[in-house]
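# Notes for the structure review
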Amino acid sequence: MRCLLFFLLLGLSAGVRGFTDKLSRQHWLRRRQDQLFKAHSATVRHHNRNITHRDASRFSNPTAAEFHVNGNSIPLVDFDVGDSWSGLLPISSHPNETRKLFFWYFPPSAKGNENDLIFWTNGGPGCSSLEGFLQENGPISWQFGQAKPTPNPYSWTDLGHMLWVEQPVGTGFSQGVPNIHNETELAAQFVGFMHQFLNIFTELSGKNFYLTGESYAGYYVPYIADYIYSNPHLLNLKVLGIWLASPILGRDVVSTQAPAVNFVHKNENVFAFNQSFLAHIDQVADACNYTSYLSKFLTYPPPPAPFPLPGTSIEADPGCEVYTQIIEAALLLNPAFDIYRIFDMRPVLWDVLGFPGTFSQIQVNPVYFNRPDVKAAIHAPEDVQWTECGAVPSVFVPPGDTSPPAADQVLPRVIARSARTVITTGLADFVILSEGTRIVIQNMTWGNQQGFQNAPVPDSFVVDGIGAFGTVQSERGLTLYELPITGHMIPQFNPPAAFQSMQYLLSVRNTP
């Protein structure tokens, strides 16, 4: 529906001037809406025709049949999504292994590439990849406010084999006691799981392997890719690249605090703060070195690295926690304010997964993945209370993840070893701010140079069927997309742009 609305607005800008009265405008709108609805319906029907049905015995290992999911029997889904396989697998071959990760695997549709295997993980840490499956890039789309699920015309199964994994241990349906301290240990456990996965689904061995994810996956994905590159004997897969949406790449003070006030000024009509509060946060930004930090380090080419912090803390110096002040003030004016997509207003839309905005909100109980019939259909453990985020206090042993941000050393190594590395950010995201991501990139050295050498060019990203829609910048194997009117979950809030950027990652497109 968001795409339809966008097309509709494009049509309005070209056609509304010719209307002589309100009635003729309404007639035109109805006709235009009917045309777009028919076009969208045709796209969905075409998508359904591309489902490739396979026998449950497609895999030679008979154990695979135990994980088979009938595409006609998924509760509340009134269309056939084709065969898939899901369930729990251990992270090692030890006979007493209790740590297991939950996965849901789909083969490619008729349009997808049989040679490509794409792994997806959500962030958190501790947020379920089944959210990504159901609301972002899976074949079933059940968005906020939808009465029932619908086929996803931008399903990534149209690109290749898709594997959603709830990881690390302690996430979603995954089982066992979390015992990791850092990203290297997380990567080792994931690779152990993948080894078990390929032992059962042997026919997927040797595929091109792409690692993708969002948010805290800015830690997960680069570290996993780096671990596989450094231990190529552990997996019979060929890693070719990574794709990150709204990733955490640097320290909080750079990614959120420093760009927060400038973000507000760029969206003053959305936040609707009064002049006294704007003056207050401007004072904080000036006193805490945030204003000068942006003007000095968000430049092309960048000044020499390493960049200092704005102050002394990697989070915020005393009196400099402006990001939280902005959120609290925004919630006073708009209780439905959503840090994941700042344009949201009342009413808060219902969410089948119970997390429709800044805060979780369970309006229908049980949430979808806690329904007994859903658990039975996808071989999920009956005794686990599924939550989108925070199923356990921490998926890392306290005090938490001790790994440095990937941009320090790991991400440059991954870029050097990958065919392509893609980062996407949304300009309506107040979780990981786009300007913060840019500063982190400008402080990073890869391909024997520091940062992007050229400034982003407006309207440089052109989306098929839509037109210019943000910027894209590509240098030395790293490509950055910045997308307007797009929130934190890029495949959910801007599916055509996410899909097209994935096509570039997979070399379906020669240019971004």
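Our structure's up above, just so we're on the same page.
Residues numbered from 1 in each chain as written. Predicted model: local features only at pLDDT ≥ 70, side-chain atom pairs only at ≥ 80, totals over all residues. Heavy atoms only, no water.

## What about unusual backbone geometry?
The condition is simple: Per the convention used, a helix needs a DSSP run of H or I reaching at least four residues, while a strand needs a run of E reaching at least two, with both numbered from the N terminus.
Here the amide bond leading from glutamine 167 into proline 168 is cis, since omega sits at 5°, within 30 degrees of zero. Mapped onto the secondary structure, proline 168 falls in the loop between β7 (160–166) and α4 (183–200). Residue asparagine 365 is joined to proline 366 through a cis peptide bond whose omega torsion reads 5°. Counting through the fold element by element, proline 366 comes out in the loop between α10 (322–333) and α11 (372–377). Of note, arginine 476 is a non-glycine position whose phi angle comes to about 55°, a positive value. Turning to its location among the elements, arginine 476 is positioned in the loop between β15 (471–475) and β16 (478–483).

## Focus: the pattern of salt bridges
Basically, it comes down to this: Just to be clear on terms, a salt bridge is a Lys or Arg side-chain nitrogen sitting within 4 Å of an Asp or Glu carboxyl oxygen. Burial classes follow relative accessibility: with a 1.4 Å probe on protein chains only, a residue under 20% of its type's maximum area counts as buried, one over 50% as exposed, and anything between as partly exposed.
Summed over all chains, the structure comprises 13 salt bridges. For the salt bridge of aspartate 78 with lysine 148, the shortest nitrogen-to-oxygen distance reads 2.9 Å. Taken as a pair, aspartate 78 in the loop between β1 (68–69) and β2 (84–90) and lysine 148 in the loop between β5 (140–141) and β6 (150–151) lie far apart in primary sequence, 70 residues in all. For aspartate 78, a relative accessible area of 53% gives the class exposed. The exposure class of lysine 148 is partly exposed, given its relative accessible area of 44%. With a shortest N-O distance of 3.6 Å, lysine 111 and aspartate 158 are connected by a salt bridge. Within this pair, whereas lysine 111 is found in the loop between β3 (100–106) and β4 (113–121), its partner aspartate 158 is found in the loop between β6 and β7, the two being separated by 47 residues in sequence. Residue classification places lysine 111 among the partly exposed positions, given a relative accessible area of 43%.

## Quick look at the pairing of strand β9 (residues 238–245)
Counted only if it meets this: A pair of strands is treated as paired once DSSP finds two or more bridges between them. When the strands point away from the viewer and the connection leading from the first strand across the helix to the second strand turns clockwise, the crossover is called right-handed.
When you tally the buried positions in β9, you get seven out of eight residues, the bulk of the element. Pairing of strand β8 (residues 208–214) with β9 involves seven bridges; the strand directions are parallel. Of the residues in β9, the one forming a bridge with glycine 213 is leucine 244. With helix α5 (residues 217–230) bridging β8 and its parallel neighbour β9, the resulting β-α-β unit is right-handed. With five bridges joining them, β9 and strand β10 (residues 420–426) adopt parallel strand pairing. By the bridge assignment, isoleucine 242 is partnered in β10 with threonine 421.

## Topic: the sheet that holds β16
Condition: Here, two residues are considered to be in contact whenever any of their heavy atoms come within 4.5 Å of each other. Only the stretch in contact is used when fitting a helix axis, every axis being a line fitted to C-alpha atoms; angles between N-to-C directions are given from 0 to 180 degrees.
Read across the sheet, 10 strands follow the order β1-β2-β3-β7-β4-β8-β9-β10-β16-β15 without closing on themselves; strand pairing throughout is mixed. Of all the strands in the sheet, the pair left with one neighbour each is β1 and β15. As judged from the five bridges shared by β15 and β16, these two strands associate in the antiparallel manner. Following the sheet pairing, serine 474 is matched in β16 by threonine 479. The strands touched by α4 within the sheet are β2, β3, β4, β7 and β8, with β2 carrying the most contacts at an inclination of about 130°.

## Remarks on a negative patch on the surface
Going by this rule: What makes a patch is a set of residues exposed beyond 30% relative accessible area and free of salt bridges, joined within 9 Å when like-charged and within 5 Å when nonpolar (Val, Leu, Ile, Met, Phe, Trp, Tyr). Working definition of accessibility: Shrake-Rupley area with a 1.4 Å probe, residue cover restricted to the visible protein chains. As used throughout, the charge tally considers Lys and Arg to be positive and Asp and Glu to be negative, leaving His and the chain termini uncounted. To locate a charge, the coordinates of NZ of Lys, CZ of Arg, CG of Asp or CD of Glu are taken.
Residues Asp252, Glu315, Glu321 and Glu328 make up a contiguous surface patch of negative charge. Along the polypeptide, aspartate 252 turns up in helix α6 (residues 252–266).

## Things to note about the state of the cysteines
This is how the line gets drawn: For this text, the term disulfide refers to a pair of cysteine sulfurs within 2.5 Å.
By the definition in use, this model includes two disulfides. Disulfide pairing places cysteine 127 opposite cysteine 389 at an S-S distance of 1.9 Å. An S-S torsion of about 115° defines the bridge between cysteine 127 and cysteine 389 as right-handed. Taken as a pair, cysteine 127 in the loop between β4 and α3 (129–137) and cysteine 389 in the loop between α11 and α12 (410–417) lie far apart in primary sequence, 262 residues in all. Residue cysteine 288 pairs covalently with cysteine 320 via a disulfide, S to S 2.0 Å.

## A short note on the packing of aromatic side chains
What counts, and what does not: Aromatic rings from Phe, Tyr and Trp, taking only the six-membered ring of Trp, are treated as a pair when their centres fall within 6.5 Å; an angle between ring planes under 30 degrees marks them as stacked, one over 60 as edge-to-face, and anything in between as tilted. Two limits define a charge over a ring: the Lys NZ or Arg CZ must be within 6 Å of the ring centre, and within 35 degrees of the ring normal.
This structure, assessed with the given rule, holds 44 aromatic pairs. The ring centre of tyrosine 504 lies 4.0 Å from the NZ or CZ of arginine 420, which sits over that ring.

## Looking at the packing of helix α8 (residues 275–287) against α10
Rules: Working rule for angles: under 35 degrees goes down as roughly parallel, over 145 as roughly antiparallel, 65 to 115 as roughly perpendicular, anything else as oblique. Two helices cross in a left-handed way if the nearer one is turned anticlockwise from the farther one by less than a right angle. They cross in a right-handed way if the turn is clockwise. Each residue gets one label: Ala, Val, Leu, Ile, Met, Phe, Trp, Tyr, Cys and Pro are nonpolar, Asp, Glu, Lys and Arg are charged, and the others, such as Gly, are polar.
Following both chains from N to C, one finds α8 and α10 inclined at 165°, their axes separated by 10 Å at the closest point. As summarised for this structure, α8 and α10 are arranged roughly antiparallel, according to the angle between their axes. In this structure, α8 crosses over α10, and the sense of that crossing is left-handed. In this structure, α8 uses Phe277, His280, Ile281 and Val284 to contact α10, whose residues at the interface are Val322, Gln325, Ile326 and Ala329. The residue inventory of the contact of α8 with α10, partitioned by class, reads six nonpolar, two polar and no charged.

## Description of the environment of alanine 225
You can see alanine 225 is positioned in helix α5. Residue alanine 225 is classed as buried on the basis of its relative accessible area, which comes to 0%. Sequence separation between alanine 225 and leucine 411 is 186 residues, and the spatial gap between their C-alpha atoms is 9.1 Å.

## Describing the side chain of glutamine 146
The following threshold applies: Counting of polar contacts relies on pairs of N or O atoms within 3.5 Å, with two restrictions inside protein: one atom must be capable of donating a hydrogen and the other of accepting it, and residues adjacent in sequence are counted only when both atoms are side-chain atoms.
By the secondary structure assignment, glutamine 146 is in the loop between β5 and β6. By relative accessible area, which is 17% here, glutamine 146 ends up buried. There is a polar contact of 3.2 Å between the side chain of glutamine 146 and the side chain of threonine 150. Sequence-distant contacts of glutamine 146, that is, excluding residues within four places in its chain, are made with Ser141 and Trp350.

## Here we look at the nonpolar core
One broad rule of soluble globular proteins: the nonpolar side chains tend to lie buried together. We apply this condition: By nonpolar core is meant a set of buried Ala, Val, Leu, Ile, Met, Phe, Trp, Tyr and Cys residues that side-chain atoms within 4.5 Å join together.
Phe197, Leu211 and Phe430 are the most contacted members of the largest nonpolar core, which has 98 residues in total. Ranked by the residues each element gives to this core, the list is headed by α5, at 10 residues. Other than its neighbours up to four places away in sequence, leucine 211 contacts Phe119, Phe190, Val221, Ile224, Ala225, Ile228, Val239, Gly241, Ile242 and Trp243. Counting residues in each nonpolar core, the second largest holds 52 residues, with Trp120, Ile140, Val384 and Phe499 among its members.

## Re the pairing of β2
With six of seven residues buried, β2 lies mostly within the body of the structure. In terms of strand pairing, β1 meets β2 through two bridges, oriented antiparallel. Within β2, the position partnered with valine 69 by the bridge is serine 84.

## A word on the packing of α6 against α10
Packing of α6 against α10 brings their axes to within 8 Å, and their N-to-C directions diverge by 40°. Between α6 and α10, the angle falls in the class oblique. Contact residues: Thr256, Gln257, Ala260, Val261 and Val264 in α6; Val322, Tyr323 and Ile326 in α10.

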